[in-house]
Amino acid sequence: MIISRRPCALLEREEKEPCRIDPERCMRCNRCLKMGCPAIVKTDAAPFIDASQCVGCGLCVAICPHGVIEMEGKD
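Remember, predicted model here, so these are calculated numbers, not experimental data. (Residues numbered from 1 in each chain as written. Predicted model: local features only at pLDDT ≥ 70, side-chain atom pairs only at ≥ 80, totals over all residues. Heavy atoms only, no water.)

Draft legend 1. Structural detail: the overall build of the protein. Helix and strand content of the protein: two helices and four strands. Order of helices (α) and strands (β) in the protein, N terminus to C terminus: β-α-β-β-α-β. Every one of the 75 residues in the protein was classed for burial, and the buried ones make up 24%. Contacts in the protein between residues at least 24 apart in sequence constitute 61% of all its contacts with a sequence separation of at least 6. Element-wise, carbon and sulfur atoms account for 52% of the exposed surface of the protein, whose accessible area totals about 5,800 Å². (Helix = DSSP H or I, 4+ residues; strand = E, 2+ residues; numbered from the N terminus. Buried < 20%, exposed > 50% of the residue type's maximum accessible area, 1.4 Å probe, protein only. Contact = heavy atoms within 4.5 Å. Areas by Shrake-Rupley, 256 points an atom, 1.4 Å probe, with all protein chains shown as cover.)

This is the structure we're talking about:
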């Protein structure tokens with residue numbers, strides 16, 4: 001059971017784009033995995049962000065030391 005003081009971020013989403021990791025540029029330092037986001041999944045290659053779970057908060061973008069995580073809608 002989870003008791004929260006705010007609505008679930010997955011249910012109360014704003015219209016933000018999910019983040020994505022560029023697997024070609026990822027250095028596999030796994031710093032993004034250490035932040036505990038349920039949307040970031042470890043794979044055999046680079047970590048992967050599950051778009052159905054990502055709320056687009058951008059915390060992983062800020063924490064990546066190599067700048068390989070970005071918001072999906074940005075060019």
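From this point, the discussion proceeds with the structure in view.
Draft legend 2. Geometry of unusual backbone geometry. For R28, which is not a glycine, the phi torsion comes out positive at approximately 60°. If you trace the backbone, R28 turns up in the loop between strand 1 (19-21) and helix 1 (31-34). We note that N30 has phi near 65°; this positive angle belongs to a residue other than glycine. Secondary-structure assignment places N30 in the loop between strand 1 and helix 1. Taking the relative accessible area as the measure of exposure, N30 reaches 23% and is therefore partly exposed.

Draft legend 3. Molecular detail of the environment of C26. Take C26: it is sitting in the loop between strand 1 and helix 1. The buried category is assigned to C26, whose relative accessible area is 11%. On a C-alpha basis, the gap between C26 and G67 in space is 8.6 Å, while along the polypeptide they are 41 residues apart. When near neighbours in sequence (up to four residues on either side) are disregarded, C26 contacts I21, A46, P47 and V68.

Draft legend 4. Here's a closer look at the pattern of salt bridges. Throughout the structure, instances matching the rule amount to one salt bridge. Taking the shortest distance from any N to any O, the salt bridge between R25 and D22 comes out at 3.7 Å. Here R25 falls in the partly exposed class, since its relative accessible area comes to 40%. (Salt bridge = Lys/Arg side-chain N within 4 Å of Asp/Glu carboxyl O.)

Draft legend 5. Molecular detail of the nonpolar core. Of all hydrophobic cores here, the largest spans 13 residues; its most connected members are C19, I21, I49, C60, V68 and I69. Sequence-distant contacts of I69, defined by excluding residues within four places in its chain, comprise C19, R20, I21, C32, I49, C60, V61 and C64. (Core = buried A, V, L, I, M, F, W, Y, C linked by side-chain atoms within 4.5 Å.)

Draft legend 6. A look at the state of the cysteines. By the definition in use, this model includes zero disulfides. Not part of a disulfide, C54 finds its nearest cysteine sulfur in C19, a span of 4.2 Å. Classification of C54 as buried rests on a relative accessible area of 9%. (Disulfide = S-S within 2.5 Å.)

Remember that the coordinates give geometry; whether it matters functionally is a separate question.
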